[in-house]
Amino acid sequence: MDEHRSRTPSIDSRNYAIPEADYLPAGIDIDRNGVSESDDSSDDDAQSSLFPTESSGTLWMNQIQDTPMFDSSKFLFESVNNAINDIDFSESLAIQAKTSALINSKSRELKGLIKQLQEKVDYYNERFKRGAVVSSQLKVNLQMLSKRIATLDDLFSKQFPIEYNQSKEKVMERTLND
Amino acid sequence: MSRKKNILKVIILGDSGVGKTSLMHRYVNDKYSQQYKATIGADFLTKEVIVNDDKVATMQVWDTAGQERFQSLGVAFYRGADCCVLVYDVTNGKSFDNVKSWRDEFLVHANVSSPETFPFVILANKVDVEESKKVVSSRSAQEQAKSLGNVPLFFTSAKDSINVQDAFEEIARSALQQSQSDADAYEDDLSEAINIQLDGEPSSCNC
């Protein structure tokens, strides 16, 4: 096994890379339409070097091979490798863990509060139901007492009219404590 | 170009309050604080170490939350660990009982290539306390370490700096060994790469 095996891909992306502009002869610049902006006298020469003929094809390819170029696959491979190994990546993981833990903690706290709230709601619901029963009983009792008071009122007003009226005056004038 | 820049990733696990953070700070910064502050999620510190007298590496020590409420929902930081440190408190029997659970939890989430050979180290912390307060005997600790696959066991005290350096030196050695075996496995994987270029095919386009 070859211990010094390269970890770059088996395909050399330089074979397919676009050559940098500096391989072109000095003074030649190409606009989007491929028209030379140099003076007219050098047009033919420039075009002949820019667009290879059959005879100049080999030379053109050789120029591309010799020119230092940007290796995109190597750059990507190294970038990903650095990104994975970097301390920054670990720090981002730590921040993610902290954030996640805080969310976890708050989520648990909220769940606890919701549970407490639910228990209190159930407790007060039960008390309200019992209160409703008691209040209906109280209503019945009050109605019954009201009737009895009315009966007694009627009875006393007829049997003891003087005392009844004196008492009534006391009640009306609120002089009961005197 | 090496896959790893000699970074040894170490994860410290254990129950709440056993002294994981104190051990990490004692080892990395040689400091100890009496104040207790629960760890939220996870945090890490790094330290340059020299292993086996010649290999320089950066040890990345990950301290984790022991309290359930502060445990992270995602334990992505377990992945890629080279060694796992299991800590318990000699005055807390429950923390000792939970050592195995922490080990299992780590193996579930770390997705290690070989769980049987993955290096663990057990630290029995707080040995500085008086004997009457200790509830976990050395013998039961040794038995458990043996039952978990002869895991190295150290009796430490972050407070009094007892055995902390020795323990982390062992951790660094184990981590480096694991890291190298992982790198070898990676090399083996690469050697099986398929060459997609056909024999006799020209190397560049002729069109």
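What counts as what
Within each chain, residue numbers correspond to sequence positions counted from 1 in written order. Chain letters and ligand numbers both follow the written order, the letters beginning at A and the numbers at 1. In keeping with the model being predicted, local features are shown solely for residues with a pLDDT of at least 70 and side-chain atom pairs are shown and tallied solely at 80 or more, while totals for entire chains, interfaces and linings include all residues. Only hydrogens and water are set aside; all other atoms, that is, all heavy atoms of the structure, feed into the side-chain values. In this description a helix means any DSSP run of H or I spanning at least four residues, a strand means any run of E spanning at least two, and both kinds are numbered starting from the N terminus. Partly exposed residues are those whose accessible area sits between 20% and 50% of the maximum for their type, while under 20% is buried and over 50% is exposed, using a 1.4 Å probe and protein chains only. Contacts are assigned to residue pairs with any non-hydrogen atoms lying within 4.5 Å of each other. Accessible areas in this description were obtained via Shrake-Rupley with a 1.4 Å probe; residue shielding takes into account the shown protein chains only. Any Lys or Arg side-chain nitrogen found within 4 Å of a carboxyl oxygen on Asp or Glu counts as a salt bridge. This arc corresponds to the set of directions leading from the helix axis out to the C-beta atoms. What makes a patch is a set of residues exposed beyond 30% relative accessible area and free of salt bridges, joined within 9 Å when like-charged and within 5 Å when nonpolar (Val, Leu, Ile, Met, Phe, Trp, Tyr). UniProt positions are given in the numbering used here, feature names are shortened, and annotations may be inferred rather than shown by experiment. A pair of strands is labelled paired if DSSP reports no fewer than 2 bridges between them. Lines are fitted to the C-alpha atoms to define the axes, a helix being fitted only along its stretch in contact, and any angle between axes, read from their N-to-C directions, falls within 0 to 180 degrees. Nonpolar cores were defined as sets of buried Ala, Val, Leu, Ile, Met, Phe, Trp, Tyr and Cys residues, with membership established by side-chain atoms within 4.5 Å. Working definition: a disulfide is two cysteine sulfur atoms within 2.5 Å of each other.

Considerations on the overall build of chain A
Phase 1: Per the secondary structure count, chain A includes 5 helices and 0 strands.
Phase 2: Shown N-terminal to C-terminal, the secondary structure of chain A runs as helices and strands in the order α-α-α-α-α.
Phase 3: Counting across all 178 residues of chain A, residues that qualify as buried make up 13%.
Phase 4: Pairs at least 24 residues apart make up 53% of the contacts formed inside chain A by residues separated by at least 6 positions.
Phase 5: Accessible surface, chain A: about 14800 Å² in total, of which carbon and sulfur atoms supply 57%.

Overview of the overall build of chain B
Phase 1: Helix and strand counts for chain B come out as 5 helices and 6 strands.
Phase 2: Put simply, chain B runs from its N terminus to its C terminus through helices and strands in the order β-α-β-β-β-α-α-β-α-β-α.
Phase 3: Accessible area of chain B: about 10900 Å², with a carbon and sulfur share of 46%.

Some thoughts on the pattern of salt bridges
Phase 1: Counted by the stated rule, this structure contains 11 salt bridges over all chains.
Phase 2: In this structure, Lys-98 of chain A and Asp-43 of chain B form a salt bridge, with 3.4 Å as the shortest nitrogen-oxygen distance. Remark: Asp-43 of chain B occurs in strand β2 (residues 42-51) and Lys-98 of chain A occurs in helix α4 (residues 87-159); the pair is interchain, linking two chains.
Phase 3: Between Glu-109 of chain A and Lys-106 of chain A there is a salt bridge, with its nearest N and O atoms 3.5 Å apart. Here Lys-106 of chain A and Glu-109 of chain A lie together in helix α4, a separation of 3 residues that amounts to about one turn.
Phase 4: The class of Glu-109 of chain A is partly exposed, set by a relative accessible area of 41%.
Phase 5: A cluster of three or more residues bridged by salt bridges with shared partners is formed by Lys-100, Arg-103 and Asp-104 of chain B.

Quick look at helix α4 (residues 138-147) of chain B
Structural remark: α-helix, 3.6 residues per turn; residues separated by three or four positions point the same way.
All names here are of chain B.
Phase 1: Every buried residue of α4 is accounted for by Ala-141, Gln-144 and Ala-145. On an axial view of α4, the arc spanned by its buried residues comes to 100 degrees, and they lie on one face. In α4, those exposed residues whose orientation departs by more than 90 degrees from the buried face are Arg-139, Lys-146 and Ser-147.
Phase 2: Contacts made by the buried residues of α4 are with β4 (83-89), α2 (93-97), α3 (99-110), β5 (120-125) and β6 (153-155).
Phase 3: Looking one or two residues past α4, Gly-149 carries a phi angle of roughly 105 degrees, positive in sign.

Remarks on a nonpolar patch on the surface
All names here are of chain A.
Phase 1: A cluster of nonpolar side chains, Val-134, Leu-138, Leu-142, Leu-145 and Ile-149, forms an exposed patch at the surface whose accessible area comes to about 470 Å².
Phase 2: Secondary-structure assignment places Val-134 in helix α4.
Phase 3: A relative accessible area of 43% means that Val-134 is categorised as partly exposed.

Describing the UniProt feature "coiled-coil region" in chain A
Phase 1: According to UniProt, the positions carrying the feature "coiled-coil region" are residues 101-130 of chain A.
Phase 2: Annotation note: span residues 101-130 of chain A, helix share 100%, strand share 0%, distance between end C-alpha atoms 43 Å.

A word on the environment of Val-90 of chain B
All names here are of chain B.
Phase 1: With respect to the helices and strands, Val-90 occurs in the loop between β4 and α2.
Phase 2: Between the C-alpha atom of Val-90 and that of Val-127, which follows or precedes it by 37 residues, the distance is 6.6 Å.
Phase 3: Aside from chain neighbours lying at most four places away, what touches Val-90 is Ala-124, Asn-125, Lys-126, Val-127, Val-129, Lys-133, Lys-134, Val-135 and Val-136.

Concerning the sheet that holds β4 of chain B
Sheet strands pair via backbone hydrogen bonds, and the direction of the pair is either parallel or antiparallel.
Residues and elements named next belong to chain B.
Phase 1: Here we have 6 strands laid out as an open sheet, ordered β2-β3-β1-β4-β5-β6, and mixed in their pairing. The sheet terminates laterally at β2 and β6, the two strands that pair on one side only. Neighbouring strand axes in the sheet, compared pairwise and without regard to direction, differ in orientation by 25 degrees on average.
Phase 2: Pairing of β4 with β5, which is carried by 6 bridges, proceeds in the parallel orientation.

Remarks on helix α1 (residues 20-29) of chain B
Phase 1: Along α1 of chain B, the residues that are buried comprise Lys-20, Leu-23, Met-24, Arg-26, Tyr-27 and Val-28 of chain B.
Phase 2: Positive phi appears at Asp-30 of chain B, one or two residues downstream of α1 of chain B, with a value of about 55 degrees.

Quick word on the nonpolar core
Phase 1: One finds Tyr-88, Phe-106 and Ile-122 of chain B to be the most contacted residues of the largest nonpolar core, which totals 34 residues.
Phase 2: Elements with a contribution of two residues or more to this core: α4 of chain A together with β1 (7-14), β2, β4, α3, β5 and α4 of chain B.
Phase 3: The element that contributes the greatest number of residues to this core is α3 of chain B, accounting for 5 residues.
Phase 4: Not counting the four nearest positions on each side in its chain, Phe-106 of chain B is found in contact with Ile-11, Leu-13, Tyr-78, Ala-81, Cys-84, Val-112, Phe-118 and Phe-120 of chain B.
Phase 5: Met-24, Val-121, Phe-154 and Leu-176 of chain B belong to the second-largest nonpolar core, a separate cluster that totals 27 residues.

Things to note about the state of the cysteines
Residues and elements named next belong to chain B.
Phase 1: Counted by the stated rule, this structure contains 0 disulfides over all chains.
Phase 2: Residue Cys-83 stays outside any disulfide, its sulfur separated by 7.1 Å from that of Cys-84, the closest cysteine.
Phase 3: Taking relative accessible area as the criterion, Cys-83 reaches 0% and is therefore assigned buried.

Some remarks on the pairing of β1 of chain B
Residues and elements named next belong to chain B.
Phase 1: Most of β1 sits out of view: 8 of its 8 residues are buried.
Phase 2: Because side chains alternate across β1, one face comprises the buried residues Ile-7, Lys-9, Ile-11 and Leu-13, and the other comprises Leu-8, Val-10, Ile-12 and Gly-14, equally buried.
Phase 3: Relative to strand β3 (residues 55-64), β1 runs parallel, the two sharing 6 bridges. Of the residues in β3, the one forming a bridge with Ile-11 is Trp-62.
Phase 4: Where β1 meets β4, 5 bridges bridge the pair, whose relative direction is parallel. In the strand pairing of β4, Val-10 is matched with Cys-83.

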